[in-house]
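# Examination of the molecular architecture
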Amino acid sequence: MLLALAEAARESGDRVVETAQFQGRSDWLVLFGVGAAVNDQARKAQIARGGRVLHWDLGYFDRKKVVGHVRMSIDSDHPQQWLDRTEPNPERWAERGVALREDANPSGPILLIGLGKKSRDYLAATMWEREAHARLRVRFPGRRIIFRPKGKDALRLKCEADATTPITELLRGASLVVCRHSNVAVDATIAGVPFEAENGAAMWLQQRDFTPANRLEFLQRLSMWQWRATEAAQAWAFAKEVASK
């Protein structure tokens, strides 16, 4: 994506400097990879000098495809603060071919989504999963809780764990998803399973009623923050436009 974006920016008439070290002389800094210390330091320095940061990472959906989507945000890890400035795009979301479902069961299990070691270190949230589990035990005594570790993370809690079942299947019949920030909140939106998050793009929806109409509008807005490398020119034009509003 970075190579495609650099070419698109040049074709639009913008001057591009490709570098492995932060120089602090450009209006925009473009990065890939949320959580890397060097990126976090560069982003903070760029914002401190009044510049913009276009930050890319793996997508909210189509993550495992060879030619898939990557997500972007401006000045932060996730774009929730920009979604009010983003017009819903029904056609772009419809291209995903994914329909809203109603998979929730109010008496079903709670899914607790793990951060993984990398995110725990980046966010200084070493105890987040353990503390979230303890709170859920108090709020929902006797309710089944399923912990979903991140990738191959070895962390386990004093509850059932499932690191292998596809998330779509785990969501079927669940009553609630609890995550700090996670793509699973987007999966839950599609599945119709209520979620609780502390950060991430889905915070836009969490501030509204969890209705099918609001869920669909959120996904239509979020689709403008996911792009393929073949769409780099559109992505660059969109980023500049929304940042100028």
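Please refer to the structure higher up on the page.
Everything in this summary refers to the structure shown in the same document. (Residues numbered from 1 in each chain as written. Predicted model: local features only at pLDDT ≥ 70, side-chain atom pairs only at ≥ 80, totals over all residues. Heavy atoms only, no water.)

### Concerning the overall build of the chain
Check the secondary structure of the chain and you find 10 helices and 9 strands. Over its C-alpha atoms the chain spans a radius of gyration of 19 Å, differing by no more than 12% from the 18 Å that the globule rule assigns to 245 residues. Once the C-alpha set of the chain is aligned to its principal axes, its extents read approximately 60 × 40 × 30 Å. Within the chain, residue pairs in contact and separated by at least 24 positions form 60% of the contacts whose partners lie at least 6 positions apart. By element, 51% of the accessible surface of the chain is carried by carbon and sulfur atoms, the whole surface being about 12500 Å². Of the side-chain charges in the chain, 37 are positive and 30 negative, and the distance between the mean point of each set is 5 Å. (Helix = DSSP H or I, 4+ residues; strand = E, 2+ residues; numbered from the N terminus. Rg over C-alpha atoms; globule rule 2.2 N^0.38 Å. Contact = heavy atoms within 4.5 Å. Areas by Shrake-Rupley, 256 points an atom, 1.4 Å probe, with all protein chains shown as cover. Lys, Arg positive; Asp, Glu negative; His and termini not counted. Charge placed at Lys NZ, Arg CZ, Asp CG, Glu CD.)

### What about helix α10 (residues 232-243)?
With 12 residues, α10 extends 16 Å from end C-alpha to end C-alpha; this agrees with the ideal 16 Å at 1.5 Å per step. Within the span of α10, buried status applies to Ala 232, Ala 235, Trp 236, Phe 238, Ala 239, Val 242 and Ala 243. Seen from one end, α10 has its buried residues packed into an arc of 165 degrees, which puts them on one side. Its buried side turned inward, α10 meets α1 (2-11), β1 (28-32), β2 (52-58), β3 (70-74) and β9 (226-227). (Expected span 1.5 Å × (residues − 1). Buried < 20%, exposed > 50% of the residue type's maximum accessible area, 1.4 Å probe, protein only. Arc of directions from axis to C-beta.)

### Things to note about the packing of aromatic side chains
The geometry of two aromatic rings is summed up by the distance between their centres and the angle between their planes. For the coordinates displayed, the defined rule picks out 6 aromatic pairs. Taken together, a centroid distance of 5.1 Å and an interplanar angle of 80 degrees make the contact between Trp 225 and Phe 238 edge-to-face. With Trp 225 in the loop between α9 (212-222) and β9 and Phe 238 in helix α10, this pair connects stretches of sequence that are 13 residues apart. As far as the burial class goes, Trp 225 and Phe 238 line up, both buried. Every member of this aromatic cluster is reached through a ring pair, and the members are Trp 225, Trp 227 and Phe 238. Of note, Arg 92 hangs over the ring of Trp 227, and the distance from its end group to the ring centre comes to 4.0 Å. (Phe/Tyr/Trp six-rings, centres within 6.5 Å; stacked < 30°, edge-to-face > 60°. Lys NZ or Arg CZ within 6 Å of the ring centre and 35° of its normal.)

### What to know about a nonpolar patch on the surface
Together, Leu 2, Phe 32 and Leu 58 make up a nonpolar patch on the protein surface, roughly 230 Å² of accessible area in all. Mapped onto the fold, Leu 58 is located in strand β2. (Patch = residues over 30% accessible without salt bridge, like charges linked within 9 Å, V, L, I, M, F, W, Y side chains within 5 Å. Salt bridge = Lys/Arg side-chain N within 4 Å of Asp/Glu carboxyl O.)

### Examining the sheet that holds β3
Working definition: the strands of a sheet are paired by backbone hydrogen bonds and lie parallel or antiparallel to each other. Here we have 4 strands laid out as an open sheet, ordered β1-β2-β3-β9, and mixed in their pairing. Of all the strands in the sheet, the pair left with one neighbour each is β1 and β9. In this fold α1 packs onto β1 and β2, with an angle of close to 155 degrees to the strand it touches most, β1. In the packing of α10 onto the sheet, the strands contacted are β1, β2, β3 and β9, and the crossing angle to β3 comes to about 25 degrees. (Pairing = 2+ DSSP bridges. Axes fitted to C-alpha atoms, helices over the stretch in contact; angles between N-to-C directions.)

### Here we look at the side chain of Arg 71
Among the structural elements, Arg 71 can be located in strand β3. For Arg 71, a relative accessible area of 7% translates into the label buried. At 3.1 Å, the side chain of Arg 71 and the backbone oxygen of Leu 58 are in polar contact. Those residues in contact with Arg 71, other than ones at most four positions away along the chain, are Val 34, His 55, Trp 56, Asp 57, Leu 58, Gly 59, Tyr 60, Asp 77, His 78, Trp 225 and Gln 226. (Polar contact = N/O pair within 3.5 Å; in protein donor to acceptor, adjacent residues only side chain to side chain.)

### What to know about the layout of surface pockets
Here the second largest pocket defines a volume of roughly 920 Å³. Forming the walls of the second largest pocket are 31 residues, and the residues nearest its centre are Val 17, Thr 19, Trp 28, Leu 29 and Val 30. Only α1, β1 and α2 (37-48) provide two or more residues apiece to the lining of the second largest pocket. Taken together, the residues of the lining of the second largest pocket sort by class into 17 nonpolar, 8 polar and 6 charged. (1 Å grid on protein atoms, 1.4 Å probe; cavity = no way out; pocket = protein on both sides within 12 Å on 5 of 7 lines; lining within 4 Å. Points joined across faces, edges and corners; volume = space filled by probe spheres on them. Nonpolar A, V, L, I, M, F, W, Y, C, P; charged D, E, K, R; others polar.)

### A closer look at the nonpolar core
Judged by nonpolar contacts, the single largest core of 51 residues is most densely connected at Leu 54, Trp 56, Ile 74, Val 177, Phe 218 and Trp 225. Of the residues forming this core, the biggest block, 7 residues, is contributed by α10. The next biggest cluster of nonpolar side chains, apart from the first, holds 15 residues, and it includes Leu 112, Ala 125, Leu 155 and Leu 176. (Core = buried A, V, L, I, M, F, W, Y, C linked by side-chain atoms within 4.5 Å.)

### Here's the deal with the packing of α1 against α10
Working note: a packed helix pair is described by the angle between its axes plus the distance between those axes. In the contact formed by α1 and α10, the axes pass within 8 Å of each other and the chain directions differ by 70 degrees. In terms of axis orientation, α1 runs roughly perpendicular to α10. α1 and α10 meet at a crossing whose hand is right-handed. Contacts between α1 and α10 involve Ala 4, Leu 5, Ala 8 and Ala 9 from the first element and Ala 232, Ala 233 and Trp 236 from the second. A per-class count over the contact of α1 with α10 returns 7 nonpolar, no polar and no charged. (Parallel < 35°, antiparallel > 145°, perpendicular 65-115°, else oblique. Left-handed = near helix turned anticlockwise from the far one by under 90°.)

Purely spatial values, then, with no claim about function.
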